[in-house]
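Listed below are the residues making up each chain.
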Amino acid sequence: MSKPVQQLPWPVVLKKEECKGVMIYAECFGGVVNEVSLQLLTPAKKIAGKLGVETTIVMFGDKISELAQEPFSYGADRVILVDDPKLVTYYPNVFGDVLVQLVKREKPELVLVAGTLRGREMAPYVANVLGTGITADCTGFDVDEATRDVLQIRPPFGATMLAHIKTPKHRPQMATVRPNVFQLPARDETRKGEVIVETGISVRPPSIELVSSQEVKKDEVAIEKAHVLVSGGKGIGSRDGFKLVEELAYALGGVVAGSRKAVDAGWVTHERQVGQTGKTVKPLLYIAVGISGSAQHTFGIREAKVVAAINIDPDAPVFESADYCILGDYRKIMPAIIDEIRRSKLVRPADEFKDPPGKNLPS
Amino acid sequence: MPINIIVGVKWVPNTTVVNVDSTTGTLIREGVPSIINPHDLNGVEFALRLKEKYGGAVTAVAMSPPAARSGLEFLIGMGVDRGVLITDRAFAAADTFATSYVLAKAVEMLFPVDLLIFGQETIDSSTSHIGAQVSSWLNIPYVYYVTDAQVMEDNHRLRVERSLERQTEIYDLPMPCTTVVSMKSNTPRPVTMQNKFRAKLQKPIEIWTNEVLKLDTSRTGLRGSPTVVSRSVPTPSVPRKKLMFDGREKPTEAAKWLLDSLSKEGIA
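Residues numbered from 1 in each chain as written. Chains lettered and ligands numbered in written order. Predicted model: local features only at pLDDT ≥ 70, side-chain atom pairs only at ≥ 80, totals over all residues.

1. Focus on the pairing of strand β6 (residues 56–63) of chain B
Side-chain direction in a regular strand flips from residue to residue, so the side chains alternate between the two faces of the sheet. Residue and element names in this part refer to chain B. Among the 8 residues that make up β6, 6 are buried, leaving the element largely enclosed by the rest of the structure. Taken together, the 7 bridges between strand β1 (residues 3–9) and β6 define a ladder with parallel strand orientation. Bridge pairing in β6 links N4 to A57. Pairing between β6 and strand β7 (residues 82–86): 5 bridges, direction parallel. Bridging across to β7, A60 finds its partner in G83. (Buried ≥ 20, exposed ≤ 12 C-beta atoms within 10 Å, placed from the backbone. Helix = DSSP H or I, 4+ residues; strand = E, 2+ residues; numbered from the N terminus. Pairing = 2+ DSSP bridges.)

Here it is as structure tokens:
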């Protein structure tokens, strides 16, 4: 049997009045700053402007100093770098403890972490060690200038509601932010700054061990990056039916996505799932086929420029969230669209050529 | 080597239609049918498979209103050995910080424990917080998005496989530790009649109120929560054109209409 645990003491809580500024933790893995971390500069700059404070990016890892100018190009006021060989491997509590120490030194009033899988894993640990609250997967922010409280806006309860959450007494306020909801700020390479190299941080030895890490080879276009998405739902009815979704995607030079039900049925992989429990996408064109259009699903396509829907059910809620609605059987409508595209030799967007049919389906 | 496993589960409203108390901003549970959070069933299945392989016991713990008893009975029906329902007015309306504190205290009372298991997220609030937060209170290591695990018998470590956006990774964790199980990692087993009968006959669901846990109530429930919901508003809809074409009898015309429209939009 395992030995009893040693509990941590009740955390020392930072005082509200001593905390100023906005801090963003920027993920640096594989020799790059994660773009979704830099997207956070967009809401952060807005909040910092209202509060009259600076935005600081903190980044840590091993041999990442050459990345440290990058956040300045996107508008960061300050960059703090922790470059330590002991940070060569990410462990949630080891990286988390580094962020805890930086927060205790810098005393920001708000800490934002991109809601990547690692970010969602690490950030709640950090908040707990700091004895403060955290809001997950935020899609918006607002500021109550009188109290300096940041309203952290997120979609719980199946995305039908937006909850405005605040942390009135505890500091820092903490939030993870949903990737791809905020635009990356415009890049200005001439914008430079002086990087603060932090050397006084202790990195504890990890209690767990990474035995191996394998890159999953992915040569298809990720749905977050695609300009055209053809997405199938429960109404497709079978794996065979999904081949038609593939074919239309290919004809349009786009890629395949799916609803939660299509993922649950095994017709499309989880990483291609659109919606609240999947991904937020922002294509020029989103075609929903056989998707009823639950609030959870349509929450993921709010940023799509044009939405088309094909459904057999005249009362499908998806028609309320689409620009072009075709009532009918997808088995007849989709082949007609594919024929029409081939007949008229419509040009496909050049950057979406890569996916021949069959590639995105689970094997 | 037998292992003692605790699975944390949540009793959640089974509907997308929810009502929110406009004064407190918290969820109104009355009148909404509830279920065990589906992603927690993956955690239960994960625990049961480990128990079948290595021996030991699986305890399911829920912090929920009293009605969650039937949910825990369902888990006994799946094969869980023991169900503990933590329920007290003093724990109500807690955020994840205050919830994790109570859960950690309950886990402490259930020691010795080798492995804590949580589902990836709940369908009602989708935070993914609790696994990391409970681990932080107990000062034990944790890993998320776990798809497989095996006990390394020689040195009392757990070897887990997990997947991230672009990697699959293998970790060794000393026990006790926490694994947060990936949503798609397994298919939860159905309830068997035999186990269901066991649940009815033995009534093994234990009810733990704060008389059992004896926690300072300024650290639990709404009072112990750093975050508060200041208000909830319906998600504003995105303006869309909502132009309809009935293509039931005219698929070719529907296709032409769509492609014409898209080319006018400057797409296709």
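2. Re the environment of R302(A)
Counting through the fold element by element, R302(A) comes out in the loop between α8 (295–299) and β17 (306–311). Once the C-alpha coordinates of R302(A) and K282(A) are considered, the two residues, 20 residues apart in sequence, prove to be 7.6 Å apart.

3. So, the sheet that holds strand β9 (residues 149–154) of chain A
If you trace the 4 strands from one edge of the open sheet to the other, you get β8(A)-β9(A)-β10(A)-β14(B), paired in antiparallel fashion. Looking at which strands have only one partner, the edges of the open sheet turn out to be β8 (140–144) of chain A together with β14 (228–234) of chain B. Along the sheet, successive strands turn relative to each other by an average axial angle of 25°, direction set aside. One ladder, built from 3 bridges, connects β9(A) with strand β10 (residues 161–166) of chain A; its direction is antiparallel. What sits directly across from I153(A), in β10(A), is H164(A). Along the sheet face, helix α2 (residues 41–51) of chain A touches β8 and β9 of chain A and points at about 5° away from the line of β8(A). (Axes fitted to C-alpha atoms, helices over the stretch in contact; angles between N-to-C directions. Contact = placed C-beta atoms within 7 Å.)

4. Observations regarding the interface of chain B and chain A
Between chain B and chain A, the residue contacts involve 81 residues of the former and 82 residues of the latter. Of all the elements in the fold, those that place two or more residues in the side of chain B that touches chain A are α3 (96–109), α4 (130–138), β9 (142–152), β11 (167–174), β14, β15 (243–246) and α7 (251–264) of chain B. Among the elements that line the side of chain B that touches chain A, the one with the most residues is α7(B), at 9 residues. Across the side of chain B that touches chain A, the residue classes tally to 40 nonpolar, 24 polar and 17 charged. Pairing analysis gives 6 bridges linking strand β13 (residues 209–215) of chain A to β11(B), with the strands arranged antiparallel. In the sheet register, E215(A) faces β11(B), and the bridge partner there is Q167(B). (Nonpolar A, V, L, I, M, F, W, Y, C, P; charged D, E, K, R; others polar.)

5. A few points about the domain arrangement of chain A
All names here are of chain A. Looking at chain A, the domain boundaries give domain 1 (16–197) and domain 2 (228–352). One C-alpha centre belongs to domain 1, the other to domain 2, and the line joining them spans 34 Å. Between domain 1 and domain 2, the contact holds 8 residues from the first and 6 residues from the second. Looking at the side of domain 1 that touches domain 2 residue by residue, the class counts come to 4 nonpolar, 3 polar and 1 charged. (Domains from an automatic or database assignment.)

6. So, the domain arrangement of chain B
Split by domain assignment, chain B resolves into domain 1 (3–219) and domain 2 (237–268). A straight line from the C-alpha centre of domain 1 of chain B to that of domain 2 of chain B covers 47 Å.

7. Examining helix α6 (residues 239–251) of chain A
Residues and elements named next belong to chain A. In this model, α6 (13 residues) spans 19 Å end to end at C-alpha, consistent with the 18 Å of a helix rising 1.5 Å per residue. Taken together, the buried positions of α6 are occupied by F242, L244, V245, E246, L248, A249, Y250 and A251. Residues of α6 that are buried in the fold lie against β14 (228–232), β15 (255–258), β16 (285–289) and α9 (330–344). After α6 finishes, the residue G253 shows a positive phi value of roughly 70°. (Expected span 1.5 Å × (residues − 1).)

8. Quick notes on the sheet that holds strand β13 (residues 205–208) of chain B
Spatial ordering of the open sheet is given by β13(A)-β11(B)-β10(B)-β9(B)-β12(B)-β8(B)-β1(B)-β6(B)-β7(B)-β13(B), a layout of 10 strands whose pairing is mixed. Taken across any chain shown, the strands that pair with only one partner, and hence form the sheet edges, are β13 of chain A together with β13 of chain B. On average, each strand axis in the sheet is tilted by 30° relative to the strand beside it, whichever way the strands run. The pairing of β9(B) with strand β12 (residues 177–181) of chain B spans 3 bridges and is classified as parallel. Following the sheet pairing, V146(B) is matched in β12(B) by V181(B). Against the sheet, helix α2 (residues 69–78) of chain B contacts β1, β6, β7 and β13 of chain B, and its axis sits at roughly 165° relative to β7(B).

9. Regarding the confidence of the model for chain A
Chain-level statistics for chain A give a pLDDT mean of 90 and a share of 91% at 70 or above. Scored below 50 in pLDDT, residues 349–363 of chain A makes 40 contacts in the model with residues more than four places away or belonging to other chains. (pLDDT = per-residue confidence, 0-100.)

10. A word on the environment of K16(A)
Residues and elements named next belong to chain A. Mapping K16 onto the fold places it in the segment before β1 (22–26). Taking the number of C-beta atoms within 10 Å as the measure of exposure, K16 has 17 and is therefore partly exposed. Excluding residues within four positions of it along the chain, K16 makes contact with K169 and R171.

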